[in-house]
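Summary of structural features
Each chain is listed here by its residues.
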Amino acid sequence: MIQSKRTNEPVWRDVYTYSSLPPSLSKLDEIAHNLWWVWNSDARELFLGLNEEVWETTNGNPVSVLRSLSQRKLRELESDEAFKAKISCVYDKFKTYMQEPYRTDAPSVAYFSMEYGLTNILKIYSGGLGVLAGDFMKEASDSNVDMVGVGFLYRYGYFDQVISNDGQQMAEYRAQVFNELPITQVKDAHGNPMKISVPYPGRVVYANVWQVAIGRVNLYLLDTDVSENSEWDRSITHQLYGGDWENRMKQEYLLGIGGILMLEELGIKKDVYHCNEGHAAFINVQRLVNLIEKEGLNFNEALEVVRASSLYTVHTPVPAGHDYFDEELFGKYMRDFPPKLGITWQEFVDMGRENPGSYEKFSMSVFALNTCQAANGVSYLHGAVSQKMFAPVWKGFFPEELHVGYVTNGVHLPTWMASIWKPFVHKHISDDIIHLQEKQEVWDKIQDIPDVEIWNMRKLMKRRFIDYVKSTYSLHPVNSKGEPSNTLSVIDKINPDALLIGFGRRFATYKRAHLLFTDLERLSKIVNNEALPVQFIFTGKAHPADGGGQGLIKHIVEISRRPEFDGKILFLENYDIRLAQRLIAGVDVWMNTPTRPLEASGTSGEKALMNGVLNLSVLDGWWYEGYKEGAGWALTDKRTYTNQYYQDQLDAETIYDLLEEEVIPLYYERASGAEYSSGWIQTIKNSMNFILPHFTMRRMMNDYIRRFYIPLSERSARLGADDRALVKEIVKWKEMVASNWHTLEVIETSVVKKGDSFNFIIGDHVKVTLLLDKHQVDCDLDVEVVVVEEEEDKSLKLQSVIPLQLVSQEGSRVMYELERIIDVPGHQKISIRVTPRYHALPHKMDFAYVTWIPLSLV
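- Looking up the protein chain in an unreviewed UniProt entry gives the name Alpha-glucan phosphorylase, with the organism given as Porphyromonas cangingivalis.
- The annotation that UniProt attaches to the protein chain under Catalytic activity (unreviewed entry) is "[(1->4)-alpha-D-glucosyl](n) + phosphate = [(1->4)-alpha-D-glucosyl](n-1) + alpha-D-glucose 1-phosphate".
- Listed in UniProt under the heading Sequence similarities (unreviewed entry), the comment for the protein chain reads: "Belongs to the glycogen phosphorylase family."

1. Let's talk about the overall build of the protein chain
- Counting its secondary structure elements, the protein chain contains 30 helices and 28 strands.
- In terms of C-alpha radius of gyration, the protein chain reaches 30 Å, essentially the compact-globule figure of 29 Å for 858 residues.
- With respect to the three principal axes, the spread of C-alpha positions in the protein chain is 95 × 80 × 65 Å.
- Scored against the burial criterion, the 858 residues of the protein chain give a buried share of 57%.
- In the protein chain, the share of contacts with a sequence separation of at least 24, taken over all contacts with a separation of at least 6, comes to 72%.
- A total accessible area of about 36000 Å² is found for the protein chain, and carbon and sulfur atoms account for 50% of it.
- Of the side chains in the protein chain, 91 bear a positive and 115 a negative charge, and the two mean positions are spaced by 3 Å.

2. Brief notes about the nonpolar core
- Core analysis: the biggest nonpolar cluster contains 179 residues, and L28, M147, F330, M334, F348, Y709 and V834 have the highest contact counts within it.
- Viewed by domain, this core spans two of them, domain 1 (25-99) and domain 3 (740-854), each represented by three or more residues.
- Setting aside residues no more than four positions away along its own chain, V834 makes contact with W741, L744, L770, L772, L781, D782, V783, Y849, V850, T851 and I853.
- Membership of the second largest hydrophobic core comes to 97 residues, among which are A608, L609, W622 and W633.

3. Points about the UniProt feature "domain: DUF3417" (unreviewed entry) in the protein chain
- Mapped onto the present numbering, the UniProt feature "domain: DUF3417" (unreviewed entry) falls at residues 21-122.
- The distance separating the terminal C-alpha atoms of residues 21-122 is 23 Å; by composition the span is 54% helix and 4% strand.

4. Topic: the sheet that holds strand 20 (residues 633-635)
- A sheet is described by the order of its strands in space; here six strands give the open sequence 17-16-15-18-19-20, paired in parallel fashion. Where the open sheet ends on each side, the last strands, each with one partner, are strand 17 (569-572) and strand 20. On average, each strand axis in the sheet is tilted by 20 degrees relative to the strand beside it, whichever way the strands run.
- Sheet analysis places strand 19 (residues 614-618) next to strand 20, joined by three bridges and oriented parallel.

5. Some remarks on the packing of helix 9 (residues 245-266) against helix 12 (residues 327-334)
- Running from amino to carboxyl end, helix 9 crosses helix 12 at an angle of 40 degrees, the nearest separation of the two axes being 11 Å. The orientation of helix 9 relative to helix 12 falls into the category oblique. As for how helix 9 packs across helix 12, the hand of that crossing is right-handed. Contacts between helix 9 and helix 12 involve W245, E246, M249, K250 and Y253 from the first element and L329, F330, K332, Y333 and M334 from the second.

6. A word on the UniProt feature "modified residue: N6-(pyridoxal phosphate)lysine" (unreviewed entry) in the protein chain
- Residues annotated in UniProt with the feature "modified residue: N6-(pyridoxal phosphate)lysine" (unreviewed entry) correspond here to K607.
- On the secondary structure map, K607 appears in helix 26 (residues 604-609).
- The contact partners of K607, leaving out residues within four places of it in the chain, are V131, V411, W416 and I584.

7. Comments concerning the domain arrangement of the protein chain
- Here the protein chain is described as being made up of domain 1 (25-99), domain 2 (438-689) and domain 3 (740-854).
- Each of domain 1 and domain 3 has a C-alpha centre, and these two points are 69 Å apart.

8. Concerning the packing of aromatic side chains
- Following the criterion strictly, the structure yields 46 aromatic pairs and no others.
- Residues F348 and F367 carry aromatic rings whose centres are separated by 6.3 Å and whose planes lie at 85 degrees to one another, so their mutual orientation is edge-to-face. Linking F348 in helix 14 (residues 345-350) with F367 in helix 15 (residues 364-371), this pair joins segments that are 19 residues apart in sequence.
- When the ring of W741 is compared with that of Y849, the centres are 6.3 Å apart and the planes differ by 90 degrees; the resulting orientation is edge-to-face. Remark: Y849 occurs in the loop between strand 27 (829-837) and strand 28 (851-853) and W741 occurs in the loop between helix 30 (697-740) and strand 21 (745-752); sequence separation between them is 108 residues.
- Ring pairing ties together the aromatic residues Y111, Y116, F136, Y704, F708 and Y709, which thus form one cluster.

9. Points about the sheet that holds strand 23 (residues 780-790)
- Pairing is antiparallel across the open sheet formed by four strands, whose spatial order is 24-23-27-28. Looking at which strands have only one partner, the edges of the open sheet turn out to be strand 24 (796-803) and strand 28. The average undirected angle you get between the axes of adjacent strands in this sheet is 35 degrees.
- Bridge analysis of strand 23 against strand 27 gives nine bridges, and the strand direction is antiparallel. Counterpart to V786 in the pairing with strand 27 is S831.

10. A look at the packing of helix 7 (residues 128-142) against helix 30
- Closest axis-to-axis distance for the helix 7/helix 30 pair is 9 Å, and the angle between their directions is 85 degrees. Of the possible angle classes, the one that applies to helix 7 and helix 30 is roughly perpendicular. Here L132, D135, F136, E139, A140 and D142 of helix 7 come into contact with helix 30, specifically with M697, R698, M700, M701, Y704 and Y709.
- Here the residues of the contact of helix 7 with helix 30 are counted per class, giving eight nonpolar, no polar and four charged.

11. Examining helix 10 (residues 283-295)
- The first and last C-alpha atoms of helix 10 sit 17 Å apart over 13 residues, in line with the 18 Å expected at 1.5 Å per residue.
- In terms of burial, helix 10 is a largely internal element, 10 of the 13 residues being buried.
- A positive backbone phi angle near 75 degrees is found at G296, which sits one or two residues after helix 10.

12. Looking at the pattern of salt bridges
- The tally for this structure, following the rule as stated, stands at 48 salt bridges.
- Between R203 and D233 there is a salt bridge, and its shortest N-O distance comes to 2.6 Å. Of the two residues, R203 sits in strand 7 (residues 203-214) while D233 sits in helix 8 (residues 231-234), which places them 30 residues apart along the sequence.
- On the accessibility criterion, R203 (26% relative accessible area) is partly exposed.
- E401 is paired through a salt bridge with R833; the nearest N and O atoms lie 2.6 Å apart. Within this pair, whereas E401 is found in the loop between helix 16 (380-390) and strand 14 (405-406), its partner R833 is found in strand 27, the two being separated by 432 residues in sequence.
- Using a relative accessible area of 24% as the deciding quantity, one classes E401 as partly exposed.
- Residues joined by salt bridges that share partners form a network here, namely K123, D160, E172 and R174.

13. Some thoughts on the state of the cysteines
- Considering all chains together, one arrives at zero disulfides under this definition.
- As a non-bridged cysteine, C275 has C372 as the owner of its nearest cysteine sulfur, 4.6 Å distant.

14. Things to note about empty space enclosed by the protein
- In the structure shown here, the tally under the stated rule is three cavities of 30 Å³ or more.
- Counted as a void, the largest cavity has a volume near 70 Å³.
- Listing elements by their share of the lining of the largest cavity, those giving two or more residues are helix 21 (451-473) and helix 29 (678-690).
- If one sorts the elements of the lining of the largest cavity by residue count, helix 21 sits on top with four residues.
- For the lining of the largest cavity, the residue count by class is five nonpolar, one polar and four charged.

Conventions used here
Counting restarts for each chain: residues are numbered from 1 in the order of the written sequence. With pLDDT at 70 or above as the cut-off, local features in this predicted model cover only qualifying residues; side-chain atom pairs require 80 or more to be listed or tallied, and sums for whole chains, interfaces and linings still use all residues. The side-chain values count all of the structure's non-hydrogen atoms but skip hydrogen atoms and water molecules. UniProt positions are given in the numbering used here, feature names are shortened, and annotations may be inferred rather than shown by experiment. Numbering goes from the N terminus for both helices and strands, where a helix is a DSSP run of H or I of at least four residues and a strand is a run of E of at least two. The globule rule used for comparison is 2.2 Å times the number of residues to the exponent 0.38, while the radius of gyration itself is calculated over C-alpha atoms. The classification of residues rests on relative accessible area computed with a 1.4 Å probe and restricted to protein chains. Under 20% of the type maximum is buried, over 50% is exposed, and intermediate values are partly exposed. Throughout, a contact is declared for two residues whenever any of their heavy atoms are within 4.5 Å. The protein chains shown are the only cover counted for residues, whose accessible areas, like all others here, come from Shrake-Rupley with a 1.4 Å probe. In this count, Lys and Arg are taken as positive residues and Asp and Glu as negative ones, while His and the chain termini are left out. For the purpose of locating charges, the reference atoms are NZ of Lys, CZ of Arg, CG of Asp and CD of Glu. For this analysis, a nonpolar core means a set of buried residues of the types Ala, Val, Leu, Ile, Met, Phe, Trp, Tyr and Cys, connected via side-chain atoms within 4.5 Å. Domain boundaries shown here were taken from an automatic or database domain assignment. Should DSSP find at least two bridges between two strands, the strands are regarded as paired. Between N-to-C directions, angles span 0 to 180 degrees; the directions come from axes that are lines fitted to C-alpha atoms, helices contributing only their stretch in contact. Roughly parallel means an angle under 35 degrees; roughly antiparallel, over 145; roughly perpendicular, 65 to 115; everything else is oblique. Crossings are classed by handedness, with left-handed meaning an anticlockwise turn of the near helix from the far one by less than a right angle and right-handed meaning a clockwise turn. Working definition: a ring pair exists when centres of Phe, Tyr or Trp rings (six-membered ring for Trp) sit within 6.5 Å. Plane angles under 30 degrees give stacked, over 60 give edge-to-face, the rest tilted. When residue character is reported, Ala, Val, Leu, Ile, Met, Phe, Trp, Tyr, Cys and Pro are called nonpolar, Asp, Glu, Lys and Arg charged, and the others, Gly included, polar. To estimate the expected span of a helix, subtract one from its residue number and multiply by 1.5 Å. A pairing counts as a salt bridge when a side-chain nitrogen of Lys or Arg comes within 4 Å of a carboxyl oxygen of Asp or Glu. When two cysteine sulfur atoms lie within 2.5 Å, the pair is treated as a disulfide. Note on definitions: the grid is 1 Å and covers protein atoms alone; a cavity is a set of points where a 1.4 Å probe fits but cannot get out; a pocket is an open set with protein on both sides within 12 Å along at least five of seven lines; lining residues have an atom within 4 Å of a point. Grid points are joined across faces, edges and corners, and a volume is the space filled by probe spheres set on the points.

Here's what the structure looks like:
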């Protein structure tokens, strides 16, 4: 019998067909493949005019717009002289921008980050950390800084959020189509796609290299979803923050080891290497290997060179934000490196432990601290919090003494100032606001703008946001029970005349999105006052593994569906850059309620500043520095209760009080017949005048250059001079001290005073002496009396450090003295601290050898 049917499974290949742009329109493709268009509205309007439907359905993707054009449309455009003139005008502006040279007063920088929030169509970011990195790259371009970025091109990126009928967050991962993105695959010298080879244990992992042009600077992205890799390795760059701990290890290995190998392949070398979070710390492993294998340095010499040009920025005090790996997993991937470095496995793994020799997990943050000369938090307060968090790494010193600094985050003004607001600012403030944005005196002019003009602009921005919500969310079951008609009904209830208060955050529990819902009866009275209408709009994602954060979202959605809150509280799903731009600019007040001091910086409130939106926030992160009376509202920075539940209750009451007694009355405080509150407009003016200029990305970039990049590059250059003579000198000195520090001998220590106890009277004269025998410790010493107070939790708080003076030296014996009048009352603890001193060290934590010596009465 002959079978009448037989077939195999088809193998489908994706084929994309699109028209080739004629030479007269080729400028459009060049503009589309440089993200300069993201923060230049003239360029975006070009693409919108080509095909508005495709522009909207692709969420503003110029590459998709160009590839949607038919041959007929292209012929029409070729004959449209007016449109070609617009193209030329935008292109000339673009080329003029691109031709500006890099500044010569700033070092070149290689910037490594797991995520970059540049545009919503490039899904390589999850939230604030990524958006900060994206803004930083944009500002590097605007500020003419020679910077290159390194990251990943994720196949799926971070998840898209859908809210189910019962309020549950559902994560959907949609594959990115790379050839539909404004990116370019890097080619090798033969014109073939470049693939770098990254040596993983027992195998080689291959990665494509993609370039994202961001104005004048480039971001290079690694992609392991290539046929040469196993399925196990192709998935390394599938998801941002997805998978298990082993996948995280593989990702951070690729970012660090692979990132440096990629820059080598591209022939890129920079003055400073900046780790944006501990995820990137492995860059210093590969840099060490390169110096040892290619330049013949030993490990100690290589470490001096690497540290001198490395900066580590920490973004959170929350433990979940720091990666720790079990030694077994760490060893599976890093076991081959100690032999290359010329050190033992124990020495290597101890570089990632607060307590070397212990069984602690390997901390990427500690490793970053031990391989970077400089470190910083992302606000003044977070800098202090980071000092306390990292104090165990340098046990001989107190948090206040650490070298960990700070640069307060800012935001990229051209990206976050609404396109319809920019002409208004250019007209009334300065037509060169991009170059003058951080100068407060320039913003003084806002005080002279007629109130009605600001009010009309704010109404227009609110209307624009509401229109965006209606057009974007009308087909999604947001805030409904799954019926599209219900959704439309809720959205239609957004009142452009109401006071709109927005809240958009990553839904981690410490962000306390629940505070507003502590007293539902009181909240109901606020939102149901027909004479003073108020509406709240919430949005944000919780990490798929964060059950607590997902529970908060469900709780808010459920409350929003109750009859008394229907249409008064909305939750908008799938928070991304595009929604953020509309929401933050379109509400009247931006609210932020984190648990202090866990908000490292926060930047959404800074974006609100750019658009005349007022802040109501806890005095934490950037708002701790930014708040000015009469320019917004603040919850106190003082903690009343150690019990967090009680503190939350108190803070909730404070929010209700602020809303009922200050915010809402001010918004509706209108003179007879007036449409708006002059007091509200004055608060907007004060906010933009006195706060905005201090929280721009331009100011932040200049702070990094001045506080970190220049000092690092200058010291790195000194270490590189004369065949690295100073490196060898420093290493020789450190080896001498390390080998002989144990020989330091205390011969005598004494405190001479009235009485026979350590009880002092104000005005007492005290003399402290210390006689040491340095033996083989052939270096200068810092000898100090350290005074501390014991806190309620038994921790010690530094009060003062008082140096003793060297008064005599005979051979290896040295005498130090301090004479002082007692002038501070209270209970203190005192001891003597001895540390080695060397002129070429950047700070004491660089070589933290400490000997504590108890004092004795004579």
